[in-house]
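# What the coordinates show
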Amino acid sequence: MCCVVDANTPLCFSQVKLLSDNAPMKTIIKPKQLVPGQMIGVVAPSSPPRQAVDIAIWLDRVRDLGFRVKVGDHVYDRHGYLAGLDKDRATDINQMFADDEVDAIFCLRSGYGSARTLQYLDFDLIRQHPKVIIGYSDLTALILAIHARTGLVTFHGPECEDQLVLRPYSKI
């Protein structure tokens, strides 16, 4: 992949085009900035929570920063080592993108299972409802697929169960 910018135009993400060998050029889409008062959706594209109490702590900390939280319907499901069936985990992602109340989507945990959800994602829906989506490690498959298929800027960042996130922190 490479970025193509008109030589006479200053570099601006709204004007950058994404070029891939196998896909038509797509405009880069920047999600709106996340600010207190907005809603963060939590999904589990891969593994289920290790302990519900840790997630409750994370949810409380996010609320303390002024955000509202909405947990996906299948976050606490279990199917083997995964947080429910592939299609159900993808449904949570699609529903969070479709929900106009949700402004950002944070992934609970990484794991191999996120790649198994890709075939069920509605990339047209995601493109039409751009939002911040954050994950890393094995979730790279998910966030890069979303970027490649939609042009949406996605973010590598801590998961909800990341110990750095669960430690006390303050507003900066």
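Look above for the structure.
Throughout, residues of each chain are indexed from 1 in the direction in which the sequence is written. pLDDT decides what is reported in this predicted model: residues at 70 or higher carry local features, side-chain atom pairs at 80 or more are listed and counted, and totals for whole chains, interfaces and linings draw on all residues regardless. No hydrogens and no water enter the side-chain calculation; it runs on all heavy atoms of the structure.

### Some details on the nonpolar core
The following threshold applies: Within this scheme, the nonpolar core is defined by two criteria: the residues are buried Ala, Val, Leu, Ile, Met, Phe, Trp, Tyr or Cys, and they are joined through side-chain atoms within 4.5 Å. Burial classification: accessible surface area is computed with a 1.4 Å probe over protein chains only, and a residue below 20% of its type maximum counts as buried, one above 50% as exposed, and the rest as partly exposed. Numbering of helices and strands starts at the N terminus; helices are DSSP runs of H or I of at least 4 residues and strands are runs of E of at least 2.
Ranked by size, the top nonpolar core spans 21 residues in total, and within it F97, I105, L121, I126, I133, L142 and I146 carry the most contacts. At the level of elements, β4 (39-43), α2 (86-98), β6 (102-107), α3 (123-128) and α4 (140-150) are the ones that each hand at least two residues to this core. Counting residues in hydrophobic clusters, the runner-up holds 16 residues, among them I40, I55, V62 and F67.

### As for the side chain of D86
How we decide: Pairs of N or O atoms within 3.5 Å make up the polar contacts considered here, provided that, within protein, one atom can donate a hydrogen while the other can accept it, and that residues adjacent in sequence are counted only when both atoms are side-chain atoms. Any two residues whose heavy atoms approach within 4.5 Å at even a single point are treated as in contact.
Along the chain, D86 falls in helix α2. Given the relative accessible area of 15%, D86 is considered buried. Within the structure, the side chain of D86 is placed 3.0 Å from the side chain of R89, a separation counted as a polar contact. If sequence neighbours within four positions are ignored, D86 has contacts with R116, T117 and Y120.

### Examining α4
Along α4, the residues classified as buried are L142, I143, A145, I146, H147 and T150. In the stretch just after α4, G151 is the one whose phi turns positive, near 85 degrees.

### Thoughts on the pairing of β6
What counts here: Here, any two strands with at least 2 DSSP bridges between them count as paired.
In terms of residue burial, β6 counts as a mostly covered element, since six of its six residues are buried. Sheet topology note: the β4/β6 ladder contains five bridges and is parallel. By the bridge assignment, I40 is partnered in β6 with A104. Relative to strand β7 (residues 132-135), β6 is paired through three bridges, and the arrangement is parallel. Its bridge partner being in β7, F106 is matched across the sheet by I134.

### Concerning the pairing of β4
If a strand is regular, its side chains alternate between the two faces of the sheet. Taking burial as the measure, the five residues of β4 include five buried ones, the bulk of the element. Along β4, one buried face is formed by M39, G41 and V43 and the opposite face, lined by I40 and V42, is buried too. In terms of strand pairing, β4 meets strand β5 (residues 68-71) through four bridges, oriented parallel. In the strand pairing of β5, I40 is matched with V69.

### Points about the environment of T154
With respect to the element layout, T154 can be found in the loop between α4 and β8 (155-156). Here T154 falls in the buried class, since its relative accessible area comes to 17%. Spatially, the C-alpha atoms of T154 and G135 are 8.5 Å apart, while their sequence positions differ by 19 residues. Look past the residues within four positions of T154 in its chain and what remains in contact with it is I133, I143, I146 and H147. From its side chain, T154 meets the backbone oxygen of I143 in a polar contact 3.2 Å long.

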